[in-house]
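# Remarks on the overall topology
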Amino acid sequence: MLSGLGLALCAEAQLKDNNIPGFNEKNTSWWLYGAILFVAAMAVYWVIHSLQQRLKEEKIISAFATSLYGQKTVEDIFWNTAKNCVEKIGFVDCVIYQLDETGNLLLQKAAFGPKNPWRREIINRIEIPLGKGIVGSVAQTGNAEIIHNTAADSRYIVDDESRLSEITVPVWVDGKVFGVIDSEHPQKGFFTGYHLRMLKKISAICSERIVKYLAEDRLRSKIARDLHDEIGSTLTSINILSKVAMQKGLESDKVEAYLQKIKDNSGNIMERMSDIVWAINPVNDSFDKVILRMKEFAAEILEPAGINYYFNEEGSLDKTQLNLEQRKDIYLVFKEAINNIVKYSNGTEVNIVLRKKNDNLKMIIMDNGGGFNAECEYPGNGLKNMQSRAAAMNATLNIDSIKDTGTTIALEVIIT
């Protein structure tokens, strides 16, 4: 707009300097105003056109994101993405590759267009080695590419048929290239900056949905392991005990002992189920909820044992958000420590410090009990459980115990 106005002013100055016949100030003013109006109109048109284009893009991206809500697997996400790239952006084909890290190969996982005649079938699936072809190069470098003339690019690999232009964008998951979205067109120079911009946005949404799915999948697997390891064996034990207790001719005191074991084991199952359900519930994501559950457990265990306890909270704990694994493991380390204090310490006082500074969260549990040798092997699993849970969340666990003085357990974890 400024360049147009500058040209108008320069033209006016030239007319004046050359004393053009018939030139006067009035004519110049109208001419100058007309030029300014023209430039302003062009600027307004450009702004409106840009806004309309942006709105169109946002509608497409919004529709694409919405279409991914119901997709349950990586395969579903890929097929939906390929279909939308053709139907919503105007590509003639779209093929999505997934990187098989074990073999350094890119495998065709979804397609829409000539490679996909019906349902979820891909004709003549090909595999591309990492670093080979345009697709393999993009997977290796992580940089999206537009090839305006594939005939002039020696990397080009013919799939179902030869086409003259290609666009390829990587899909990133957990900081690594997970897959590649690829499209070809028979026309040279078909793909533009608009297509690249749109495909990068689609790749980002696709990546976000895959990350969420993989997290959910890991969570399901973890819950299944927890249920199997922590509850399955106990249920088996209850089943065996109940069968023994039901045997005819068994002395009443033995029957009573078996029933007591069944009662204890079933109580343990109820407690473990409560912990798992609590950890899964997204309502408990904030650290405030973790602290509340810690206080409830401390009151339930320490007060009947006549042990005084104190909570000291430091830093911005109320703004701390934990993922499911962190929430569960931090709480269970705390729970194990409190149980050990009640069972073995013979102490009368417990101090619990919860401190948050920047991304660092620290939990310190100190008792004034008899202490123990932390380097010795003990028959129970308490210490081992705490150490394994700390390792699972990449936390640091230090246990410092002094005989006749007490024990300090410090757990330090980075919250991101």
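First, a word on scope: everything that follows refers to the structure included in this document.

This paragraph deals with the pattern of salt bridges. Summed over all chains, the structure comprises 17 salt bridges. One salt bridge connects lysine 201 with glutamate 58, and the closest N-O pair in it is separated by 3.5 Å. Of the two residues, lysine 201 is situated in helix 5 (residues 193-245) and glutamate 58 in helix 2 (residues 25-67); the sequence distance between them amounts to 143 residues. Judged by its relative accessible area of 28%, lysine 201 falls in the partly exposed class. Residue class for glutamate 58 comes out partly exposed when judged on its relative accessible area of 40%.

On to helix 6 (residues 252-280), then. Here helix 6 spans 42 Å end to end across 29 residues, near enough to the 42 Å set by a 1.5 Å rise per residue. Within helix 6, burial applies to Ile262, Asn265, Ile269, Asp275, Ile276, Trp278 and Ala279.

This part is about the packing of helix 6 against helix 8 (residues 324-345). In contact at an axis separation of 9 Å, helix 6 and helix 8 are set at 145° when each is read in the N-to-C sense. As helix 6 runs across helix 8, the sense of the crossing is right-handed. Here Glu271, Asp275, Trp278, Ala279 and Ile280 of helix 6 lie close against helix 8, whose contacting residues are Leu324, Arg327, Lys328, Tyr331, Leu332 and Lys335. Classifying every residue of the contact of helix 6 with helix 8 gives six nonpolar, no polar and five charged.

With that settled, consider the pairing of strand 10 (residues 396-402). The side chains of a regular strand alternate, first on one face of the sheet and then on the other. One ladder, built from seven bridges, connects strand 10 with strand 11 (residues 406-414); its direction is antiparallel. Paired with serine 401 across the bridge in strand 11 is threonine 407. The loop that links strand 10 with its antiparallel partner strand 11 comprises three residues; one of these, aspartate 404, has a positive phi angle of about 65°.

Before going further, it helps to spend a moment on the sheet that holds strand 9 (residues 360-367). Here five strands make up an open sheet; going across it, the order is 7-8-9-11-10 and the pairing mixed. Looking at which strands have only one partner, the edges of the open sheet turn out to be strand 7 (308-315) and strand 10. The sheet shows a mean angle of 10° between the axes of neighbouring strands, taken without regard to direction. Across eight bridges, the pairing between strand 7 and strand 8 (residues 349-357) is parallel. Residue asparagine 312 lies in a different strand from strand 8, and its bridge partner there is valine 353. Contacting strand 7, strand 8, strand 9 and strand 11, helix 8 runs over the sheet at an angle of about 10° to strand 9. On top of the sheet, helix 9 (residues 382-392) reaches strand 10 and strand 11; it is set at about 150° to strand 10, its chief contact.

Cut-offs applied
Residues numbered from 1 in each chain as written. Predicted model: local features only at pLDDT ≥ 70, side-chain atom pairs only at ≥ 80, totals over all residues. Heavy atoms only, no water. Salt bridge = Lys/Arg side-chain N within 4 Å of Asp/Glu carboxyl O. Helix = DSSP H or I, 4+ residues; strand = E, 2+ residues; numbered from the N terminus. Buried < 20%, exposed > 50% of the residue type's maximum accessible area, 1.4 Å probe, protein only. Expected span 1.5 Å × (residues − 1). Axes fitted to C-alpha atoms, helices over the stretch in contact; angles between N-to-C directions. Left-handed = near helix turned anticlockwise from the far one by under 90°. Contact = heavy atoms within 4.5 Å. Nonpolar A, V, L, I, M, F, W, Y, C, P; charged D, E, K, R; others polar. Pairing = 2+ DSSP bridges.

Nothing here speaks to function; it is geometry throughout.
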